[in-house]
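# Architecture at a glance
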Amino acid sequence: MLIAADKFKGSLTAVEVAEHVTAGLRRAVPGLDVAAVPVADGGDGTVAAALAAGFTRHEARVTGPTGTPVTATFALRADGTAVVEMAEASGLQHLPGGVFAPLTATTYGTGELLLAALDAGATSIVFGVGGSATTDGGAGMLAALGARFLDADGRPVGPGGGPLRELAKADLSGLDPRLARTEIVLASDVDNPLTGPKGAPAVYGPQKGADEDDVATLDAALAHYAEVLERAVGPKAAEYALAPGAGAAGGIGYGALVGLDAAFRPGIDVMLDVLGFGPALARATFVITGEGSLDEQTLHGKAPAGVAAAARAAGLDVVAVCGRLQLPQEALDRAGIRRAYALTDLESDPARCMAEAGPLLERAAESLARDFLV
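Below: a short report on this structure. (Residues numbered from 1 in each chain as written. Predicted model: local features only at pLDDT ≥ 70, side-chain atom pairs only at ≥ 80, totals over all residues. Heavy atoms only, no water.)

## Some remarks on the overall build of the chain
So the rule is basically this: What counts as a helix is a DSSP run of H or I of at least four residues, what counts as a strand is a run of E of at least two, and both are numbered from the N terminus. What the globule rule says is 2.2 Å times the number of residues to the power 0.38, and the radius of gyration is computed from C-alpha atoms. Summary of the burial criterion: residues with accessible area below 20% of their type's maximum are buried, those above 50% are exposed, and those between are partly exposed, where the area comes from a 1.4 Å probe applied to protein chains only. Working definition of accessibility: Shrake-Rupley area with a 1.4 Å probe, residue cover restricted to the visible protein chains.
Per the secondary structure count, the chain includes 15 helices and 13 strands. Taken against the 2.2 N^0.38 rule, which gives 21 Å for 374 residues, the C-alpha radius of gyration of the chain at 21 Å falls within 12% of a compact globule. Dimensions of the chain, computed from the C-alpha atoms along their principal axes, are close to 75 × 45 × 35 Å. When the 374 residues of the chain are sorted by exposure, 57% land in the buried category. Looking at the chain as shown, the accessible area adds up to about 15,000 Å², and 51% of this sits on carbon and sulfur atoms.

## Some details on the pattern of salt bridges
Just so we agree on the cut-off: Within this document, salt bridges are pairs made up of a side-chain nitrogen of Lys or Arg and a carboxyl oxygen of Asp or Glu, the two lying within 4 Å of each other.
Under the defined criterion, the tally for this structure stands at 20 salt bridges. With a shortest N-O distance of 3.1 Å, Asp79 and Arg77 are connected by a salt bridge. Relative accessible area serves as the criterion here: at 48%, Asp79 is assigned to the partly exposed category. For the salt bridge of Arg352 with Glu347, the shortest nitrogen-to-oxygen distance reads 3.8 Å. Accessibility expressed as a relative area gives 13% for Glu347, which makes it buried. Connected through salt bridges with shared partners, the residues Asp6, Lys7, Lys9 and Asp44 form a single ionic network.

## Considering the environment of Gly64
The condition is simple: Whether two residues are in contact is decided by their heavy atoms, any of which lying within 4.5 Å being enough.
Along the chain, the position of Gly64 falls in the loop between β3 (56-63) and β4 (69-76). Separated by 104 residues in the primary sequence, Gly64 and Ala168 have C-alpha atoms spaced 26 Å apart. Those residues in contact with Gly64, other than ones at most four positions away along the chain, are Pro69, Val70, Ala89 and Thr106.

## Quick look at the sheet that holds strand β5 (residues 81-85)
The test is simple: In this scheme, strands are said to pair when DSSP sees at least two bridges between them. Interaxial angle, 0 to 180 degrees, is taken between N-to-C directions of lines fitted to C-alpha atoms, where a helix line uses only the stretch in contact.
Taking strand neighbours across the sheet as the criterion, the six strands line up as β3-β4-β5-β6-β9-β10 in an open arrangement whose pairing is mixed. The open sheet terminates on both sides in strands that have one partner only, identified here as β3 and β10 (263-266). Direction aside, neighbouring strands of the sheet carry axes that sit 30 degrees apart on average. Seen against the sheet, helix α4 (residues 108-119) touches β3, β4, β5 and β6 (124-128) and runs at an angle of roughly 140 degrees to β3. The sheet contacts of helix α9 (residues 248-259) involve β6, β9 (183-188) and β10, and relative to β9 the element is tilted by about 155 degrees.

## With respect to the nonpolar core
Where a protein is soluble and globular, its nonpolar side chains tend to be buried together. Convention followed: By nonpolar core we mean a set of buried residues, namely Ala, Val, Leu, Ile, Met, Phe, Trp, Tyr and Cys, connected to one another through side-chain atoms within 4.5 Å.
One finds Ile125, Phe127, Phe149, Tyr225 and Tyr254 to be the most contacted residues of the largest nonpolar core, which totals 56 residues. Setting aside its immediate chain neighbours within four residues, Phe149 contacts Ala139, Leu142, Ala143, Arg155, Pro156, Val157, Leu167, Lys169, Ala170, Leu172, Tyr225 and Leu229. Counting 41 residues, the second-largest nonpolar core is a separate cluster that includes Leu2, Val37, Ala49 and Ala340.

## A word on the packing of aromatic side chains
Short version of the rule: Between the rings of Phe, Tyr and Trp (Trp by its six-membered ring), a pair exists once the centres lie within 6.5 Å; its type follows the angle of the planes, with under 30 degrees stacked, over 60 edge-to-face, and the other angles tilted.
In this structure the tally under the stated criterion is three aromatic pairs. Geometrically, the ring pair formed by Phe286 and Phe372 is tilted, given 5.7 Å between the ring centres and 50 degrees between the ring planes. Of this pair, Phe286 sits in strand β11 (residues 286-294) while Phe372 sits in helix α15 (residues 357-372), and the two are 86 residues apart along the sequence. Judged by its relative accessible area of 7%, Phe286 falls in the buried class. You can call Phe372 partly exposed: its relative accessible area is 23%. Every member of this aromatic cluster is reached through a ring pair, and the members are Phe149, Tyr225 and Tyr254.

## A closer look at α4
Basically, it comes down to this: Here the expected span of a helix is defined as 1.5 Å times the quantity of residues minus one.
Between its first and last C-alpha atoms α4 spans 17 Å; for twelve residues at 1.5 Å apiece the expected length is 16 Å, and the two agree. Summarising burial for α4: nine of the twelve residues are buried, a large majority. Three or more residues of α4 are buried, namely Gly109, Thr110, Gly111, Leu113, Leu114, Leu115, Ala116, Ala117 and Leu118. Note on α4: the residue one or two positions beyond its end, Gly121, has a positive phi of about 110 degrees.

## Notes on unusual backbone geometry
You will see that Ala249, though not glycine, has its phi angle at about 50 degrees, which is positive. On the secondary structure map, Ala249 appears in helix α9. In this structure Ala249 comes out as buried when scored by relative accessible area, which is 10%. We note that Asp261 has phi near 55 degrees; this positive angle belongs to a residue other than glycine. Look at Asp261 and you get exposed, because its relative accessible area is 59%.

By themselves, these observations are geometric and do not establish any function.
Here is the structure:
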């Protein structure tokens, strides 16, 4: 049995999910051979999944999204592969008092975190983006890495996406030279462009506190930012603004594509490779995946869909566990998931369901085992 599930956000880490599922399975089938590969799709929980896979934990003190120092974690393997999660430095969880700063939140700390990974010996970086508090197009990140963004008076523009409307000159020549020797993979399940109706400000800005006027300001500022970068680095800046993934995490995807020469890949595909899912799958005869909510978003690049696709290609049955199920069986069938076991089927009260997620998950796993293994 291979358990390859994501976290249940707000309740259980991916590691804890695997532990509780294992306990429930063995309650029904004592001595069952179970292996676990906790997974993530590039968003929050990505570093935790890497650490569970044997990477070494590293910490760095970096600039949070509003300028307050925060402690951020990244993961590093002996072969020089690092997993860096931008939310560790620039995520919503680091907003003081939970107060949004849609126009001024910066990704500067994410750049510092990338520098820390390079200093620790990283030669390739899986850069997971998601959960950001920012909409600055990655300008802050690039500034921390040595780029300069100046206004008409030759002064650095202020932090955040809003001040980019004052940008007059961009200079990327000072970027840390180690970046040119480092393979960087942008791992994300977001395929939005930088600007426009489906761009970062319009689609994700409201989640970060942006009202209608803020969205308009940010969209115009990021479009101007791309124009200035085009003058600095050539036509690729305009091309990347339209590329899938440019709008990820408030446009940090765009900054990574233009400034770091990153390669965009669906986050779950990258993470399955990095976490050693393939060899584990080769030894498996049955696969269990899952996440907190199985819903329409699951079908668009989330971890359970990626796991199910790989398992189905290998000819293996896949079932899922989840906190709540919001997909009909036909959608599960199309995703390659034979059945899903939801905690809300065992406990209808959402608060209790989250508080008692571990024991409930064990009960669900025991039912799963009796249905499929006994």
